[in-house]
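Commentary on secondary and tertiary structure
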There are 2 protein chains.
Amino acid sequence: MSSTSQVSRATTKLNKGDLCNPSCPSRGVLEHVTSRWGVLIFILLRQRTHRFSDLGRRVGGVSQKMLAQTLQNLEADGFVTRTVHPTVPPQVEYGLTPIGLEAATRVQQLAVWIEDITPKVLQVRAKRVRTPS
Amino acid sequence: MSSTSQVSRATTKLNKGDLCNPSCPSRGVLEHVTSRWGVLIFILLRQRTHRFSDLGRRVGGVSQKMLAQTLQNLEADGFVTRTVHPTVPPQVEYGLTPIGLEAATRVQQLAVWIEDITPKVLQVRAKRVRTPS
DNA sequence: CTGTATCCTCTTAGATACTG
DNA sequence: CAGTATCTAAGAGGATACAG
């Protein structure tokens, strides 16, 4: 508990291809980006900016809590912008930073590919249900 | 439990860009591929085939249970091959199918990019800690 | 409208022990 | 070696109520 020297070195040092290391900070970033709701938020924000309730309505099955939490993570990482319009009632606009747009593009490319091959995956899954031997 | 008509229609129909729909099957596939351990397994298997304990050693922080579970998911989806060599002691070789290789390549591209921008993300996070206003 | 706070449930995931 | 089974702890996540 008291040996911090190793830890501090581990968290400040960023080795390439070190994702398999549990203390690699990139792992946290990757998990934010590829998180269940993060992916969908990226895809929606890439089309246009959205308001909070907007996102809540379009992302099927998300709760307010997880929506807020995911948005805060992505904002803290510098992917998402949060703009408060001083109107009444309050209106908050979520968008993407330049780096967020790049992330969104990459994530969506992966998502589109997944959608493309999903039929094939479903076929494979279905076959595996057959009685083996 | 007995009304299968609605469900079967929902699961067989694959609309493009329908990821926001909670019942879209692509969401499950995407979650397998981008899962915490799935990403790392893809990256390792892209280099070469690995044995079970091999993966367990190289993927930092994974338990046998999660390793087996993730591998089974990816195998059931048709991304990962599992070859049992009838030796003693038993030896099981995990590798990638053609479609798995494609997935691994895309996943790794994303991972590499994340590693690239992680320093920037850490800077943003650090700044947010400063006293606001 | 945009959240936060609380409570509560259910899944995930790790540790350990055990089997073929 | 390559898993499975079981137990348990921690966290994800949802519903509701409430605040600014």
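What to know about the protein's contact with DNA strand D
- Taken together, the neighbourhood of DNA strand D is formed by 19 residues, with A:Lys65, A:Met66, B:Ser53, B:Arg82 and B:Tyr94 sitting nearest.
- Within 4 Å of the protein, atoms of DNA strand D come from sugar and phosphate in 63% of cases.
- Take A:Ser63: an N or O atom from its side chain is 3.0 Å from a phosphate oxygen of DNA strand D.
- In the environment of DNA strand D, a base oxygen lies 2.7 Å from a nitrogen or oxygen atom belonging to the side chain of A:Lys65.
- Of all elements in the fold, only α5 (64-76) of chain A together with α4 (52-58), α5 (64-76) and β3 (91-96) of chain B reach the threshold of two or more residues within the surface near DNA strand D.
- For the surface near DNA strand D, the residue count by class is eight nonpolar, seven polar and four charged.

So, the environment of B:Pro98
Residues and elements named next belong to chain B.
- Mapping proline 98 onto the fold places it in helix α6 (residues 98-129).
- The exposure class assigned to proline 98 is exposed, which follows from its relative accessible area of 72%.
- When the C-alpha atoms of proline 98 and phenylalanine 79 are compared, they prove to be 7.6 Å apart, with 19 residues separating the residues in sequence.

Focus: the side chain of B:His50
Residues and elements named next belong to chain B.
- If you trace the backbone, histidine 50 turns up in strand β1 (residues 50-51).
- One polar contact links the side chain of histidine 50 to the main-chain carbonyl oxygen of leucine 44, over a distance of 3.5 Å.
- A polar contact is formed between the side chain of histidine 50 and the side chain of arginine 58, at a distance of 3.5 Å.
- Not counting residues within four places of it along the chain, the set of residues in contact with histidine 50 comprises Leu44, Leu45, Leu55, Arg58, Val92, Glu93 and Tyr94.

What about the protein's contact with DNA strand C?
- Near DNA strand C, the surroundings consist of 19 residues, among which A:Arg51, A:Ser53, A:Arg82, A:Tyr94 and B:Lys65 are the closest.
- Near the protein, within 4 Å, the atoms of DNA strand C are sugar or phosphate in 67% of cases.
- At a separation of 2.4 Å, a phosphate oxygen of DNA strand C approaches a polar side-chain atom of A:Arg82.
- In the environment of DNA strand C, a phosphate oxygen lies 3.5 Å from a nitrogen or oxygen atom belonging to the backbone of A:Val92.
- For the surface near DNA strand C, the secondary structure elements donating two or more residues are α4 (52-58), α5 and β3 (91-96) of chain A together with α3 (36-47) and α5 of chain B.
- For the surface near DNA strand C, the class distribution of residues is nine nonpolar, six polar and four charged.

Here's the deal with the packing of helix α3 (residues 36-47) of chain A against α5(A)
Residues and elements named next belong to chain A.
- It is the contact of α3 with α5, at a shortest axis distance of 10 Å, that shows an interaxial angle of 75 degrees. Between α3 and α5, the angle falls in the class roughly perpendicular. Residues Trp37, Gly38, Ile41 and Phe42 of α3 lie in contact with α5, whose contacting residues are Met66, Leu67, Thr70, Leu71 and Leu74.
- Grouping the constituent residues of the contact of α3 with α5 by class yields seven nonpolar, two polar and no charged.

Cut-offs used in this document
- Residues numbered from 1 in each chain as written.
- Chains lettered and ligands numbered in written order.
- Predicted model: local features only at pLDDT ≥ 70, side-chain atom pairs only at ≥ 80, totals over all residues.
- Heavy atoms only, no water.
- Near = heavy atom within 4 Å.
- Polar contact = N/O pair within 3.5 Å; in protein donor to acceptor, adjacent residues only side chain to side chain.
- Helix = DSSP H or I, 4+ residues; strand = E, 2+ residues; numbered from the N terminus.
- Nonpolar A, V, L, I, M, F, W, Y, C, P; charged D, E, K, R; others polar.
- Buried < 20%, exposed > 50% of the residue type's maximum accessible area, 1.4 Å probe, protein only.
- Contact = heavy atoms within 4.5 Å.
- Axes fitted to C-alpha atoms, helices over the stretch in contact; angles between N-to-C directions.
- Parallel < 35°, antiparallel > 145°, perpendicular 65-115°, else oblique.

Read these as spatial facts, not as claims about activity.
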